[in-house]
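Survey of secondary and tertiary structure
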Amino acid sequence: MKVDVLLGLQWGDEGKGKIVDVLTPKYDIISRFQGGPNAGHTLEFNDIKHILHTIPSGIFRKNKINVIGNGVVIDPIIFKKEIDSLNCKGFDISDNLYISKKAHIILPTHRLLDAASEEAKGETKIGSTLKGIGPTYRDKVGREGLRVGDIMSNFDEKYAAKTSRHKLILENQYKFDYKELYEACEKDWFEGIELLKTYKLVDTEHLINNLLNEGKSVLAEGAQGTLLDIDFGSYPFVTSSNTICAGACSGLGVAPNKIGEVFGIFKAYCTRVGMGPFPTELENETGDNLRKSGHEFGSTTGRPRRCGWLDLVALKYSIMLNGVSQLIMMKADVLDQFETIKICVGYEINGEVVEQFPFELNGGEKPIYVDLPGWETDLTKIRSREEFPDELNKYINFIEEETGIPVTIASVGPNREQTIFLDKK
Ligand code: GDP
Ligand code: IMO
Ligand code: MG
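Let us look at the structure shown here. Here the structure is a predicted model, which means the values were calculated and not measured.

This part takes up the coordination of the magnesium ion (ligand 3). Donor atoms from the polypeptide that bind the magnesium ion (ligand 3) are D13 (OD) and G40 (O), placed at 2.0 to 2.2 Å. Of this pair, D13 sits in the loop between strand 1 (3-8) and helix 1 (16-23) while G40 sits in the loop between strand 2 (29-32) and strand 3 (41-45), and the two are 27 residues apart along the sequence. The exposure class of G40 is buried, given its relative accessible area of 10%.

Opposite charge on two side chains allows them to pair when their charged atoms are near. By the definition in use, this model includes 21 salt bridges. Where D203 meets K102, a salt bridge forms, and the shortest distance between an N and an O atom there is 3.5 Å. Residue D203 is found in the loop between strand 9 (200-202) and helix 7 (204-213), and its partner K102 is found in the loop between strand 7 (97-100) and strand 8 (104-105); the two are separated by 101 residues along the sequence. Among the residues examined, K102 registers a relative accessible area of 31% and is labelled partly exposed. Notably, a salt bridge pairs R306 with E281, separated by 3.0 Å at the nearest N-O pair. Taken together, the residues R306 in strand 13 (residues 306-308) and E281 in the loop between strand 12 (270-272) and helix 9 (285-293) connect sequence positions 25 residues apart. Owing to a relative accessible area of 19%, R306 belongs among the buried residues under this scheme.

To continue, consider the environment of F232. When you line up the elements, F232 lands in the loop between strand 10 (218-221) and helix 8 (246-252). Note on F232: relative accessible area 34%, which makes it partly exposed. The spacing of F232 and Y317 is 85 residues in sequence and 9.4 Å in space, taken between C-alpha atoms.

This part takes up the site of ligand 2. As a matter of local geometry, ligand 2 sits amid 21 residues, with D13, K16, H41, T129 and T239 nearest to it. Here an oxygen atom of ligand 2 sits 2.9 Å away from a polar atom, N or O, in the main chain of G40. A distance of 2.6 Å is found between an oxygen atom of ligand 2 and a side-chain nitrogen or oxygen belonging to T239. Taking 550 Å² as the accessible area of ligand 2 by itself, protein coverage stands at 97%. When the residues that make up the shell around ligand 2 are grouped by side-chain class, the tally is eight nonpolar, ten polar and three charged.

One key point about sheets: their strands pair by backbone hydrogen bonds, in either a parallel or an antiparallel sense. Sheet architecture is open: ten strands sit in the order 9-7-5-2-10-1-11-15-19-20, paired in mixed fashion. Sheet topology places strand 9 and strand 20 (419-421) at the edges, where each strand pairs with a single neighbour. Ignoring strand direction, the axes of neighbouring strands in this sheet form an average angle of 20 degrees. In terms of strand pairing, strand 19 (residues 407-411) meets strand 20 through three bridges, oriented antiparallel. What sits directly across from A410, in strand 20, is I420. Where helix 11 (residues 390-403) meets the sheet, its contacts fall on strand 11 (259-267), strand 15 (326-330) and strand 19, and the angle it forms with strand 15 comes to roughly 145 degrees.

A few words now on the site of ligand 1. Lining the immediate environment of ligand 1, one finds 20 residues, of which G15, K16, T42, D333 and S411 sit closest. Contact between ligand 1 and K16: an oxygen atom at 2.8 Å from a main-chain N or O atom of the residue. The side chain of T42 places a nitrogen or oxygen atom 2.5 Å from an oxygen atom of ligand 1. Starting from 590 Å² of accessible surface for ligand 1 in isolation, the protein chains cover 94%. If you list the elements that add at least two residues to the shell around ligand 1, you get helix 1 and strand 3. A breakdown of the residues in the shell around ligand 1 according to their chemical character gives four nonpolar, eight polar and eight charged.

Here is what the cut-offs are and how they apply
- Residues numbered from 1 in each chain as written.
- Chains lettered and ligands numbered in written order.
- Predicted model: local features only at pLDDT ≥ 70, side-chain atom pairs only at ≥ 80, totals over all residues.
- Heavy atoms only, no water.
- Donors = N, O, S within 2.8 Å, 3.2 Å for Na, K, Ca; no water.
- Helix = DSSP H or I, 4+ residues; strand = E, 2+ residues; numbered from the N terminus.
- Buried < 20%, exposed > 50% of the residue type's maximum accessible area, 1.4 Å probe, protein only.
- Salt bridge = Lys/Arg side-chain N within 4 Å of Asp/Glu carboxyl O.
- Near = heavy atom within 4 Å.
- Polar contact = N/O pair within 3.5 Å; in protein donor to acceptor, adjacent residues only side chain to side chain.
- Areas by Shrake-Rupley, 256 points an atom, 1.4 Å probe, with all protein chains shown as cover.
- Nonpolar A, V, L, I, M, F, W, Y, C, P; charged D, E, K, R; others polar.
- Pairing = 2+ DSSP bridges.
- Axes fitted to C-alpha atoms, helices over the stretch in contact; angles between N-to-C directions.
- Contact = heavy atoms within 4.5 Å.

Keep in mind these values describe shape, not function.
Okay, here's the thing in structure tokens:
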């Protein structure tokens, strides 16, 4: 059996959580492979909204194995909050969740280092979620990290060594006043560690490969999006992990020849939260309308998301990097009100037309748009392809022709049932 991968093709928040939940019945195992609680994945069913940060979005379906892979970074405080919130809603997930012993742990001081680093950058800050992601991955790559498996032995000693090194950096490099903030969260953090100990902490690379050999199927759930990838995103305004498909191999321990379908998920328009370039951004009333009708406010930080038209230059780049085999278009309903919808098919840079995503976006890219007619119809009640207005079919066909990849699912609302399978495969 193969590992199918579902990942974001834009700057995150494409709707990954919703679609993973919808696709979960077809799989035996759902696994996160990178990122951490910078992610906020929203699912809605039975009139309840759930936001997951660390736990895979397959957790609400019965008898599924959910795996937090080695590529993920875990904050014990946020993990405990997530578990507590699930328990409050009547979901006990302890039997179905497996956590990699090789996943790295976010320490309280990692979060403080994130805050100190952003503060020091001032105007040039990344707009990080302040969850400690950058400093934790930095320690991982710098061979200074603390892993889930370390909880088992001499943990206090290891923790003290890491923390005191971080405190020195906070004091000496950043002159950051950390003491009060640190004391406020250390107790919660240790409670989170105690909770983690009660879960199945295993070598998930063996678990997943053994299950694949037994004929079980896996869906790998990406976090963030391709344009936030540490290598290929709009550096330095990116996150600190490989969000692309290759990240699923290194973040789960599965070989490249085990990858099956690659579902690339995108919004029918574009959003970005945090700083950094965004060629099709609309800093005008149209952008405000998109934000309003799409409820574009961050699931993790509540920040307003920047909004703009769909960018095919960026989308094609993302498709190439990931080997996308099926496209999933989200939030088509958010465009219901528009008489005309624009799609960016190229950039004009220094008077030249560019269709290939450049080395760096620096704000000098003038989007070249094609205008398509809007459908001006309420899509949220639609449940089958036959009910699609012609203009929506044209919009989808245009994207398929430009990218060469079929759109196999279109989403017309946040709920499970507002998902239309287009039956092309
Ligand atoms: P993720 O991080 O990729 O899982 O996406 P988020 O959960 O951060 O953001 C997606 C938001 O859009 C959530 O609030 C979802 O409930 C919502 N959503 C998902 N699909 C649709 C859709 O088709 N239409 C509308 N209107 N909202 C959607
Ligand atoms: P999901 O999985 C949208 C953005 C932050 C910031 C940059 C770096 O919900 O799609 P970090 O905290 O990772 O150091 O922040 O990346 N970012 C996201 N934007 N969705 C996310 O996750 C994001 N995770 C990080 O806003 O610009
Ligand atoms: Mg999100």
